[in-house]
Amino acid sequence: MKIAVFAVLGVTVAGLVVTGLWNWLAPAIFGWHTINFGQALGLFVLARILFGGFRGGGPRMHWRRRMAERWEQMSPEEREKFLHGTRGRCGHFGTPEPDAKV
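Residues numbered from 1 in each chain as written. Predicted model: local features only at pLDDT ≥ 70, side-chain atom pairs only at ≥ 80, totals over all residues. Heavy atoms only, no water.

A. How the structure looks around the overall build of the protein. When helices and strands are tallied, the protein shows four helices and zero strands. When the helices and strands of the protein are placed in sequence order, the string is α-α-α-α. A total of 102 residues make up the protein; the buried ones form 13% of that total. Contacts in the protein between residues far apart in sequence, at least 24 positions, make up 17% of those at least 6 positions apart. Within the structure as shown, the protein displays about 8,700 Å² of accessible surface, and the carbon and sulfur contribution to it stands at 67%. (Helix = DSSP H or I, 4+ residues; strand = E, 2+ residues; numbered from the N terminus. Buried < 20%, exposed > 50% of the residue type's maximum accessible area, 1.4 Å probe, protein only. Contact = heavy atoms within 4.5 Å. Areas by Shrake-Rupley, 256 points an atom, 1.4 Å probe, with all protein chains shown as cover.)

As structure tokens, this is what we get:
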């Protein structure tokens, strides 16, 4: 019962937030019409389907979980090789190499 109450509360808050933001920004910036609560809920659901899905964390959490599993299965040598390969592409990990320019 508590889950249903929180779900209804969450949907209501999301609809009110989308309605408020849309009606505040879209008419002023783009000259579009204002929307009502039902349209805001539809827009929210459409955005979740197109950009995030309905599972928690979105697509990035799935990638992180898979990467953590792979990391746990790597040997220390494989981890070092992986970190060495990412140094120039994904930012800096670990200690700098002696000949690296910072």
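B. A look at a nonpolar patch on the surface. A surface patch of nonpolar side chains, amounting to about 1,100 Å² of accessible area, comprises Phe6, Leu9, Val13, Val17, Leu21, Trp24, Leu25, Ile29, Phe30 and Trp32. Tracing the sequence through the fold places leucine 25 in helix 1 (residues 2–30). (Patch = residues over 30% accessible without salt bridge, like charges linked within 9 Å, V, L, I, M, F, W, Y side chains within 5 Å. Salt bridge = Lys/Arg side-chain N within 4 Å of Asp/Glu carboxyl O.)

C. Expanded view of the packing of helix 1 against helix 2 (residues 37–52). Packing of helix 1 against helix 2 leaves a shortest axis separation of 8 Å and a crossing angle of 100°. Taken together, the axes of helix 1 and helix 2 lie roughly perpendicular to each other. Side by side, helix 1 and helix 2 meet where Val11, Thr12, Ala14, Gly15, Leu16, Val18, Thr19 and Trp22 of the first sit next to Phe37, Ala40, Leu41, Leu43 and Phe44 of the second. (Axes fitted to C-alpha atoms, helices over the stretch in contact; angles between N-to-C directions. Parallel < 35°, antiparallel > 145°, perpendicular 65-115°, else oblique.)

D. Representation of the environment of glycine 38 within the structure. Within the secondary structure, glycine 38 is located in helix 2. C-alpha of glycine 38 to C-alpha of glycine 15: the two residues are 23 residues apart in sequence and 7.7 Å apart in space.

E. Up close: helix 1. Between its first and last C-alpha, helix 1 extends 40 Å over 29 residues, near the 42 Å set by a 1.5 Å rise per residue. Considering bend angle alone, the principal kink of helix 1 is centred on tryptophan 22 and spans about 30°. All buried positions along helix 1 are accounted for by Ala14, Gly15, Val18, Thr19 and Ala26. Close packing links the buried residues of helix 1 with helix 2. (Expected span 1.5 Å × (residues − 1). Bend = angle between axes of the 7 residues up to and from the residue.)

F. Spotlight on the packing of aromatic side chains. Under the defined criterion, the tally for this structure stands at three aromatic pairs. Ring centres of tryptophan 22 and tryptophan 32 lie 5.6 Å apart, and the angle between their planes is 25°; on these two criteria the pair is classed as stacked. One end of the pair, tryptophan 22, is in helix 1; the other, tryptophan 32, is in the loop between helix 1 and helix 2, with 10 residues separating them in the sequence. Of the residues examined, tryptophan 22 reaches a relative accessible area of 24% and is grouped as partly exposed. Overall, the relative accessible area of 46% leaves tryptophan 32 in the partly exposed class. (Phe/Tyr/Trp six-rings, centres within 6.5 Å; stacked < 30°, edge-to-face > 60°.)

G. Spatial organisation of the side chain of threonine 19. Mapped onto the elements of the fold, threonine 19 is located in helix 1. A relative accessible area of 14% means that threonine 19 is categorised as buried. Here glycine 15 takes part through its backbone oxygen, which lies 2.7 Å from a polar atom of the side chain of threonine 19. (Polar contact = N/O pair within 3.5 Å; in protein donor to acceptor, adjacent residues only side chain to side chain.)

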